[in-house]
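Breakdown of the fold
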Amino acid sequence: MRGVKDKRAWQRMLSGRRLDLIDPSPLDIEIADIAHGLARVARWNGQTHGPEIFSVAQHSLLVEVLFGALAPQCAKPARLAALLHDAPEYVIGDMISPFKAVIGADYKRIELRLQAATHLRFGLPAQIPADIAAQIKSADRAAAYFEATKLAGFAIGEAQKLFGAPKIAPRAIADYLQPMRPGEAQDLFLRRFAELFDATPATAP
């Protein structure tokens, strides 16, 4: 990351925190900032049907529900990790996978540092156990399939090739696929976070 030391690498949040993107501190991460940002970041670069964007906050709620359906034995801390799986996007936005591939390793390093700091801030291990991470990824791909076919104009066959075919009935998660206003998505995200975080032992500030 050449030349970064000579440039401003932090963002000021509405909470007043200044989050360093290169070396993020858990102390500078606030759930209110995450919820506010994710509720205003559009999935699919905004290329979805409906009068409102389908936000990353809504996607995160959908992934957490799907994770619970795919891994019902998992405790609430694991479900909290599922809810926060895209938390770095409140700072770096939701870049579509093809563009991430073009940017390369620098993007991934920043994303992983932000994710680790977020986990520590909310009492989770910096790196989620591999089996839990794999289950969250499966839920993420299932969410992408439903979003692609219900909101983003993908044909079913095309979405199956890209994301696989989820073994969950669409009607089970239909309510989570209704685009909503940012304030509503933000409130729902915060409410679910409070329910899950209440059950997570505090191991970080």
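Shown above is the structure to which this text applies.
Given the structure is predicted, the values throughout are model-derived calculations rather than measurements. (Residues numbered from 1 in each chain as written. Predicted model: local features only at pLDDT ≥ 70, side-chain atom pairs only at ≥ 80, totals over all residues. Heavy atoms only, no water.)

What to know about the environment of Phe54
For the record, the criterion: Numbering of helices and strands runs from the N terminus; a helix is a DSSP stretch of H or I covering at least four residues, while a strand is a stretch of E covering at least two. Only protein chains enter the accessibility calculation, which uses a 1.4 Å probe; a residue is then buried when its area is under 20% of its type maximum, exposed when over 50%, and partly exposed in between. For this analysis, residues touch if any pair of their heavy atoms sits within 4.5 Å.
Tracing the sequence through the fold places Phe54 in the loop between α1 (31–38) and α2 (56–70). For Phe54, a relative accessible area of 0% translates into the label buried. C-alpha of Phe54 to C-alpha of Arg43: the two residues are 11 residues apart in sequence and 5.8 Å apart in space. The contact partners of Phe54, leaving out residues within four places of it in the chain, are Val41, Ala42, Arg43, Thr48, His59, Glu147, Leu151, Tyr176, Leu177 and Pro179.

Section: helix α9 (residues 182–197)
Structural remark: α-helix, 3.6 residues per turn; residues separated by three or four positions point the same way. What counts is decided by this rule: One fewer than the residue count of a helix, multiplied by 1.5 Å, yields its expected span. Picture the helix axis, draw a direction to every C-beta atom, and the arc is the one those directions span.
Across its 16 residues, α9 extends 22 Å between first and last C-alpha, which sits within 8% of the 22 Å expected from 1.5 Å per residue. Considered for burial, the residues of α9 that qualify are Ala185, Gln186, Phe189, Arg192, Phe193 and Leu196. Buried residues of α9, seen end-on, are gathered within an arc of 135° and therefore sit on one face of the element. Where α9 is buried, its residues meet α1, α2 and α3 (76–83).

As for the packing of α1 against α9
Stated formally: To define axes, lines are fitted to C-alpha atoms, for helices over the stretch in contact only, and angles between the resulting N-to-C directions are given on a 0 to 180 degree scale. The handedness criterion is simple: a crossing whose near helix is rotated anticlockwise from the far helix by less than a right angle is left-handed, and one whose near helix is rotated clockwise is right-handed. Any residue that is not Ala, Val, Leu, Ile, Met, Phe, Trp, Tyr, Cys, Pro, Asp, Glu, Lys or Arg is counted as polar, Gly included; the first ten are nonpolar and the last four charged.
Running from N to C, α1 and α9 point in directions that differ by 140°, and their axes come no closer than 8 Å. Crossing angle aside, the handedness with which α1 passes α9 is right-handed. The segment α1 lies against α9, with Ile31, Ala32, Ile34, Ala35, His36 and Leu38 engaging Gln186, Phe189, Leu190 and Phe193. Of the residues assigned to the contact of α1 with α9, the class counts are eight nonpolar, two polar and no charged.

That is the geometry; function is a separate question.
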